[in-house]
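Residue-level structural notes
So the chains spell out like this:
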Amino acid sequence: MSSDPAVPQHTVRQLLEVARFRLRLVAGESGLDRPLRWAHSTELPDPSPHLRGHEIVLTVGASLREPGSCAAFAEAVKAGRASAIGYGVGDVTAEVPVELRETCERLGLPLLEVPAEVPFLGFTEWFAERLASTADERHEREETGRLLRMVQQGLASPEAVRARVDDAGLDPAALLVIAMDGVEEDLPGVLGLDGDLALLITNDAHAWSEPAGVGSPGPLDHLPVSLTESLTALKSARRSGGVVHASDLATFQALLGRLDQEQLAPFADQIARPLREYDKAHGTRLSETLRTFLDMGGAVGATSRALYLHPNTLRHRLSRIEALTGRDPHRFEDRVALAIAVWTAR
């Protein structure tokens, strides 16, 4: 669930379950999962100009006694992007009008019967309480997010978050951090917000919302490491999608995945392109030969067998690769550059 107070925090279904209102659904069950953010009380026959969307529109039906007025009212509420109608019985009619029920059912607009003894003011108070609570929660999460950034940058000790960890009931011996671009659900742990970035201290390595970067677990003093790992992993996850764990970072592919196109371009232009153009012009297979040689760990014998080549033929191709690229496939440093070029070409 979003923690932004401007975003609807509840649904019609959840409001229906609030015991103190004693609401009864009389029509529009298909719309129970519509979002709600506020309550609007009105006796206007057309309230749509005054609606902002996602309201429950409350009425006692003072303007709904003429033929067709109930249908017009429900259609106006729907046009105003409100989420439901609450009809207060007892003042004008003892029951919800049949025409209003039928129209709401047709529109898929939830229609709730409000008991006579329940004041409409109680709905706005309830929403105001929920919004205040949400605003306080977001402020706390933003403070936690700033503190975690300071811990990650070495400007604050991990001990600064111990109280939050204890309050959340986490095991301080096995903490890890998960960095995410957004959180749409409640997750177990201590959640900090840093702009659009969410940082979760948790014991559960699976408590994430994609894309996510998962740091390694450890005691409280390991937190700066886990924070840095999670942020680095999130950058990779944004490129690849899904979830990247700290253990995935210490690989050749992960290292290259963190480089941008400008950093990889020289390997593509100076190594991969000359081989590709030579193969196309002469009908050779130097690029394939190089890939296989690298896959075989630079072993001439294993590469020769994999390609069904005589070792001397392979050595001739490797010499041609060196001549075209200026990198010797037998030298470790040059082989790394060749491997980057092959990876980039893929």
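Computed from a predicted structure; not experimentally measured. (Residues numbered from 1 in each chain as written. Predicted model: local features only at pLDDT ≥ 70, side-chain atom pairs only at ≥ 80, totals over all residues. Heavy atoms only, no water.)

We now examine the sheet that holds strand S10 (residues 197–202). Across the sheet, which stays open at both edges, the 5 strands sit in the order S9-S10-S8-S11-S12 with mixed pairing between neighbours. The two strands at the open ends of the sheet, each matched to only one other strand, are strand S9 (190–194) and strand S12 (243–245). Taking each pair of neighbouring strands and ignoring which way they run, the sheet shows an average axis angle of 20°. Bridge analysis of strand S11 (residues 212–214) against S12 gives 3 bridges, and the strand direction is parallel. Paired with Val214 across the bridge in S12 is His245. (Pairing = 2+ DSSP bridges. Helix = DSSP H or I, 4+ residues; strand = E, 2+ residues; numbered from the N terminus. Axes fitted to C-alpha atoms, helices over the stretch in contact; angles between N-to-C directions.)

The strand order across the open sheet formed by 5 strands is S2-S7-S6-S5-S4, and the pairing between neighbours is mixed. Each of the sheet's edge strands pairs with one partner strand only, and the pair in question is strand S2 (24–27) and strand S4 (38–41). Recorded for the sheet is a direction-independent mean angle of 30° between the axes of neighbouring strands. Judged from the 4 bridges that link them, S4 and strand S5 (residues 55–59) form a sheet pairing that is parallel. For Ser41, the partnering residue across the bridge sits in S5 and is Leu58. Against the sheet, helix H2 (residues 69–79) contacts S5 and strand S6 (84–88), and its axis sits at roughly 140° relative to S6. (Contact = heavy atoms within 4.5 Å.)

Before going further, it helps to examine the UniProt feature "domain: PucR C-terminal helix-turn-helix" (unreviewed entry) in the protein chain. As recorded in UniProt, the feature "domain: PucR C-terminal helix-turn-helix" (unreviewed entry) lies at residues 286–342. Across residues 286–342 one finds 77% helix and 0% strand; the C-alpha atoms that close the span lie 11 Å apart. (UniProt positions renumbered as here; feature names shortened; annotations may be inferred.)

To continue, consider the side chain of Thr303. In this fold, Thr303 is placed in helix H10 (residues 300–307). The residues contacting Thr303, other than those within four sequence positions of it, are Thr289, Thr292, Phe293, Met296 and Leu314.

Inspection of the secondary structure puts Thr59 in strand S5. Within the structure, Thr59 has its side chain in polar contact with the backbone oxygen of Thr42 (distance 3.3 Å). Each residue touching Thr59, except ones within four places of it in the same chain, is listed here: Thr42, Glu43, Leu64, Phe73, Ile85, Gly86, Tyr87, Gly88 and Phe120. (Polar contact = N/O pair within 3.5 Å; in protein donor to acceptor, adjacent residues only side chain to side chain.)

This paragraph deals with helix H9 (residues 286–295). By the criterion of burial, H9 is predominantly enclosed, with 7 of the 10 residues buried. Within H9, the full set of buried residues consists of Leu286, Ser287, Thr289, Leu290, Thr292, Phe293 and Leu294. Those residues of H9 that are buried are in contact with helix H8 (261–282), H10, helix H11 (311–325) and helix H12 (332–345). Of the residues one or two after H9, Gly297 is the one with positive phi, at around 70°. (Buried < 20%, exposed > 50% of the residue type's maximum accessible area, 1.4 Å probe, protein only.)

The next point concerns the environment of Leu170. Positionally, Leu170 belongs in the loop between helix H5 (162–167) and strand S8 (176–180). Sequence spacing of Leu170 and Val151 is 19 residues, and the spatial spacing of their C-alpha atoms is 18 Å.

Our focus in this paragraph is the pattern of salt bridges. The final tally for this structure, using the stated rule, is 14 salt bridges. One salt bridge connects Arg164 with Glu140, and the closest N-O pair in it is separated by 3.5 Å. A residue pair is termed long-range when its members are at least 10 positions apart, and Arg164 in helix H5 and Glu140 in helix H4 (residues 121–152) qualify at 24 residues. For Arg164, a relative accessible area of 24% corresponds to the partly exposed category. Look at Glu140 and you get partly exposed, because its relative accessible area is 41%. A salt bridge links Arg149 to Asp194; its shortest N-O distance comes to 2.6 Å. (Salt bridge = Lys/Arg side-chain N within 4 Å of Asp/Glu carboxyl O.)

Turning our eyes to something else, we now look at the packing of aromatic side chains. According to the stated counting rule, one finds 4 aromatic pairs in the structure shown. Plain terms: the ring middles of Phe21 and Phe123 are 4.1 Å apart, the flat faces sit at 10° to each other, and that makes the pair stacked. In this pair, Phe21 is assigned in the loop between helix H1 (12–16) and S2 and Phe123 in helix H4, connecting sequence segments 102 residues apart. As far as the burial class goes, Phe21 and Phe123 line up, both buried. Ring centres of Trp126 and Phe127 lie 5.1 Å apart, and the angle between their planes is 80°; on these two criteria the pair is classed as edge-to-face. For the pair shown, Trp126 and Phe127 are each scored as buried. (Phe/Tyr/Trp six-rings, centres within 6.5 Å; stacked < 30°, edge-to-face > 60°.)

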